[in-house]
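Geometric and topological summary
So the chains spell out like this:
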Amino acid sequence: MHNSEELKVIYESRYKNASDQKGKREIVLYQKYRKLLVSKKFQTNVHLLDLGCGIGYKTVGFSLPNESVLAIDLSENAINFCIAQHQIDKVDFKAMDAFEVLGEFELITAFGFSLFNTDNNNRFIEVLEHFYTNNLSKEKGNMLLIGSFTDFSGGGKDSWYLHTKSDIEYIQKKIEEQFPLKVSIVFPHKMISNYFGFGFYNFAAEILKLIIKRKRTFFIRIEHE
Ligand SMILES: C[S@@+](CC[C@H](N)C(=O)[O-])C[C@H]1O[C@@H](n2cnc3c(N)ncnc32)[C@H](O)[C@@H]1O
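What counts and how
- Residues numbered from 1 in each chain as written.
- Predicted model: local features only at pLDDT ≥ 70, side-chain atom pairs only at ≥ 80, totals over all residues.
- Heavy atoms only, no water.
- Core = buried A, V, L, I, M, F, W, Y, C linked by side-chain atoms within 4.5 Å.
- Buried < 20%, exposed > 50% of the residue type's maximum accessible area, 1.4 Å probe, protein only.
- Helix = DSSP H or I, 4+ residues; strand = E, 2+ residues; numbered from the N terminus.
- Contact = heavy atoms within 4.5 Å.
- Disulfide = S-S within 2.5 Å.
- Near = heavy atom within 4 Å.
- Polar contact = N/O pair within 3.5 Å; in protein donor to acceptor, adjacent residues only side chain to side chain.
- Areas by Shrake-Rupley, 256 points an atom, 1.4 Å probe, with all protein chains shown as cover.
- Nonpolar A, V, L, I, M, F, W, Y, C, P; charged D, E, K, R; others polar.
- Pairing = 2+ DSSP bridges.
- Axes fitted to C-alpha atoms, helices over the stretch in contact; angles between N-to-C directions.
- Parallel < 35°, antiparallel > 145°, perpendicular 65-115°, else oblique.
- Left-handed = near helix turned anticlockwise from the far one by under 90°.
- Right-handed = clockwise from strand over helix to strand, strands pointing away.
- Patch = residues over 30% accessible without salt bridge, like charges linked within 9 Å, V, L, I, M, F, W, Y side chains within 5 Å.
- Salt bridge = Lys/Arg side-chain N within 4 Å of Asp/Glu carboxyl O.
- Phe/Tyr/Trp six-rings, centres within 6.5 Å; stacked < 30°, edge-to-face > 60°.
- Lys NZ or Arg CZ within 6 Å of the ring centre and 35° of its normal.

A few words now on the nonpolar core. Counting 32 residues, the largest nonpolar core has Leu51, Ile175 and Ile222 as the members making the most contacts within it. At the level of elements, strand 1 (47-51), strand 2 (68-73), strand 4 (107-111), helix 5 (121-135), strand 5 (143-150), helix 6 (165-178), strand 6 (181-186) and strand 7 (216-224) are the ones that each hand at least two residues to this core. A per-element tally of this core places helix 5 first, with six residues. Leucine 51 has contacts with Ile72, Ala98, Ile108, Thr109, Ala110, Phe111, Phe113 and Phe131, leaving out every residue within four places of it along the chain. By size, the runner-up hydrophobic cluster in this structure holds 22 residues, among which are Leu29, Leu37, Phe62 and Ile79.

This model, assessed by the stated rule, comprises zero disulfides. In this model cysteine 53 remains outside any disulfide bridge; the closest cysteine sulfur is found in cysteine 82, 4.5 Å from its own.

Taken together, 19 residues sit near the ligand, with Gly52, Lys58, Asp73, Ala98 and Phe111 positioned nearest. Residue tyrosine 15 places a side-chain N or O atom 2.8 Å away from an oxygen atom belonging to the ligand. One of the side-chain N or O atoms of serine 114 is found 3.3 Å from an oxygen atom in the ligand. The protein chains hide 92% of the 600 Å² of surface that the ligand would expose on its own. Elements supplying a minimum of two residues to the shell around the ligand: helix 1 (4-14) and strand 2. Top contributing element to the shell around the ligand by residue count: helix 1, with three residues. Grouping the constituent residues of the shell around the ligand by class yields 11 nonpolar, five polar and three charged.

This part covers the sheet that holds strand 3 (residues 91-95). Strands sit in the order 3-2-1-4-5-7-6 across an open sheet of seven strands; the sheet is mixed. Two strands close off the open sheet at either side, each with one partner strand: strand 3 and strand 6. Strand-to-strand twist in this sheet, taken as the mean axis angle between neighbours without regard to direction, amounts to 15 degrees. As paired elements, strand 6 and strand 7 share six bridges and run antiparallel to each other. Each bridged residue has a counterpart across the sheet, and for lysine 182 the counterpart in strand 7 is glutamate 223.

What follows covers the packing of helix 5 against helix 6. Put simply, helix 5 and helix 6 touch, their axes get as near as 10 Å, and they point 45 degrees apart. Considering the angle they form, helix 5 stands oblique to helix 6. In the packing of helix 5 onto helix 6, the handedness of the crossing is right-handed. Taking contact as the criterion, the partners of Asn121, Asn122, Phe124, Ile125 and Leu128 in helix 5 are, on helix 6, Asp167, Tyr170, Ile171, Lys174, Ile175 and Gln178.

Here five bridges tie strand 2 to strand 3, and the two strands are oriented parallel to one another. Residue pairing for strand 3: aspartate 73 is matched across the bridge by alanine 95. Note on the crossover from strand 2 through helix 4 (residues 76-86) to strand 3: the handedness is right-handed.

Turning our eyes to something else, we now look at a nonpolar patch on the surface. A cluster of nonpolar residues, Ile192, Phe196, Phe200 and Phe203, forms a patch on the protein surface that exposes about 480 Å² of accessible area. Along the chain, phenylalanine 203 falls in helix 7 (residues 199-211).

With that settled, the discussion passes to the packing of aromatic side chains. A ring pair, where both rings are aromatic, is described by two values, the distance of the centres and the angle of the planes. Taken as a whole, this structure holds 15 aromatic pairs when the rule is applied. With centroids separated by 4.8 Å and ring planes inclined at 50 degrees, the aromatic side chains of phenylalanine 116 and phenylalanine 124 adopt a geometry described as tilted. Phenylalanine 116 gets classed as buried once you look at its relative accessible area, which sits at 4%. The buried category is assigned to phenylalanine 124, whose relative accessible area is 2%. Among the aromatic side chains, those forming a connected cluster through ring pairs are Tyr30, Tyr33, Phe62, Phe111 and Phe219. Its guanidinium or amino end placed over the ring of tyrosine 132, lysine 138 lies 4.9 Å from that ring's centre, counting from NZ or CZ. One residue, lysine 165, lies across the ring of phenylalanine 152, its end atom 4.7 Å from the ring centre.

Encoded structure:
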């Protein structure tokens, strides 16, 4: 697991020549995930915090038109790209360390966020505890949503293919034991709607991901009780 300085170097270089190649599809996909993952309570007046937003397409897709959104990332290159590319007033894109975010939010998202990319399940819980304690407003239904992917092999040393089924079950059990939170694990590939929308390209890409890459996107949905 890299520390913050190392991650900043890695991602500044990765986002130096960021492009919008997959952006449009990502927006449509995350609009679908929003409907799938978040209850109707969150259709209005939500303050959303997106941790490690990268180049921002998931943030844009996932957030609703009437929401106020803070999207943060360590990388200034990523944030400059977001500001130039998205030009959306409701989203405040900021270059900063996630651990320095102040204030509470009803909905916190972390899609592929590096701090949850760890094979140390207890470290995963510690990171979660930080954002739960400092940034989640404690009312019923408020939610942290962590998006990741895996092939369940536990084989990727420093990649996303880290979590086996038992890792995910352990994380779920530990969170429910330690906090007044209800955890559910959602696999969009099990739902038919995952394969439709955005035409044949989306269908082919989802099938390829599932069969050839054996890559399963999953979300850990953590709701306040
Ligand atoms: C794999 S990328 C995911 C980006 C985006 N959410 C997506 O899925 O396209 C991980 C992101 O986390 C950011 N990151 C890592 N550590 C961070 C920290 N401590 N504070 C804020 N952002 C961080 C990186 O700069 C990078 O953009």
